[in-house]
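# Residue-level structural notes
The lines below spell out each chain.
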Amino acid sequence: TYVESTRDLVFIVAHDEAVRATAVDLVHQAGLAHLAFDSSAACLAALGDRAPMLVLLDLDLGATRGDECCRAIQDRDGPPMPVIMMTAEDAPHEVMHCWRAGAYDFLPKPLRGAQLLPTLRAVHGAKARAPRPIGSGANVLFCDDSSFYRKTIGAALEHCGYHVLYAKT
């Protein structure tokens, strides 16, 4: 399956229309394109056709939890996908659900430009500075039994143009 990689595209996934609208406005302020979804199923289906620079994902998706969607995003074939969770919860166990699901970061709701815009610019800038296409750079064997480190450090290496082969041991 061909997957179009789009470094100026952000997937926004939120069940609540007001949360989606706020995220869309902030993504536009950053000068980036977006695709908005009201369910995890719609987001996961779209990932079969496009690889956005990042997924902005609400923890509360109505019938589904955002951390379940995040886990599905990270478990799919392909390079790790940066996921930023949006949550109204500041309870430590909710934050741990986000981290365990493979989220790169989380932001409190309501979203504010002062929090989201620097993150969008940093991720976009990292992808823009990649010196060469993935696979044309040096090969790296990344061995670590922590999926969190494999995903975060491995993604950073891939964004810099390295071809990364992952191993747990």
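Residues numbered from 1 in each chain as written. Predicted model: local features only at pLDDT ≥ 70, side-chain atom pairs only at ≥ 80, totals over all residues. Heavy atoms only, no water.

Another point: the overall build of the chain. When you go through the chain residue by residue, the secondary structure sums to six helices and nine strands. Sorting the 169 residues of the chain into buried and exposed places 43% on the buried side. Here the analysis covers contacts within the chain between residues at least 6 apart in sequence; of these, 67% occur between residues at least 24 apart. Just so you have it, the chain exposes about 8700 Å², and 54% of that area is on carbon and sulfur atoms. (Helix = DSSP H or I, 4+ residues; strand = E, 2+ residues; numbered from the N terminus. Buried < 20%, exposed > 50% of the residue type's maximum accessible area, 1.4 Å probe, protein only. Contact = heavy atoms within 4.5 Å. Areas by Shrake-Rupley, 256 points an atom, 1.4 Å probe, with all protein chains shown as cover.)

Let us look at helix H3 (residues 66-75). Along H3, the residues that are buried comprise Gly-66, Asp-67, Cys-69, Cys-70, Ile-73 and Gln-74. Looking down the long axis of H3, one finds its buried residues gathered within 155° of arc, a one-sided arrangement. (Arc of directions from axis to C-beta.)

Here we come to the packing of aromatic side chains. Tallying each qualifying case throughout the model produces one aromatic pair. The interplanar angle of 65° and the centroid separation of 5.0 Å between the aromatic rings of Phe-11 and Phe-37 together place this pair among those described as edge-to-face. Taken together, the positions of Phe-11 in strand S1 (residues 4-13) and Phe-37 in strand S2 (residues 33-37) put the pair 26 residues apart, joining distant regions of the chain. Both residues of the pair, Phe-11 and Phe-37, count as buried. (Phe/Tyr/Trp six-rings, centres within 6.5 Å; stacked < 30°, edge-to-face > 60°.)

In this fold, Ala-33 is placed in strand S2. Sequence-distant contacts of Ala-33, that is, excluding residues within four places in its chain, are made with Asp-8, Leu-9, Val-10 and Val-27.

This next bit is on helix H4 (residues 92-100). Considered for burial, the residues of H4 that qualify are Glu-94, Val-95 and Cys-98. Relative to the axis of H4, the buried residues are bounded by an arc of 100° and lie together on one face. Opposite its buried face, H4 presents the exposed residues Pro-92 and Arg-100, each directed more than 90 degrees away. Positive phi appears at Gly-102, one or two residues downstream of H4, with a value of about 100°.

Turning our attention to the pattern of salt bridges. Two side chains carrying opposite charge are able to pair once their charged atoms lie near each other. Evaluated as defined, the whole model comprises two salt bridges. A salt bridge links Asp-58 to Lys-109; its shortest N-O distance comes to 2.9 Å. Placement of the pair is Asp-58 in strand S3 (residues 50-58) and Lys-109 in the loop between strand S7 (105-108) and helix H5 (113-128), with a sequence separation of 51 residues. Accessibility expressed as a relative area gives 22% for Lys-109, which makes it partly exposed. (Salt bridge = Lys/Arg side-chain N within 4 Å of Asp/Glu carboxyl O.)

These results come straight from atomic positions and should not be treated as a statement about function.
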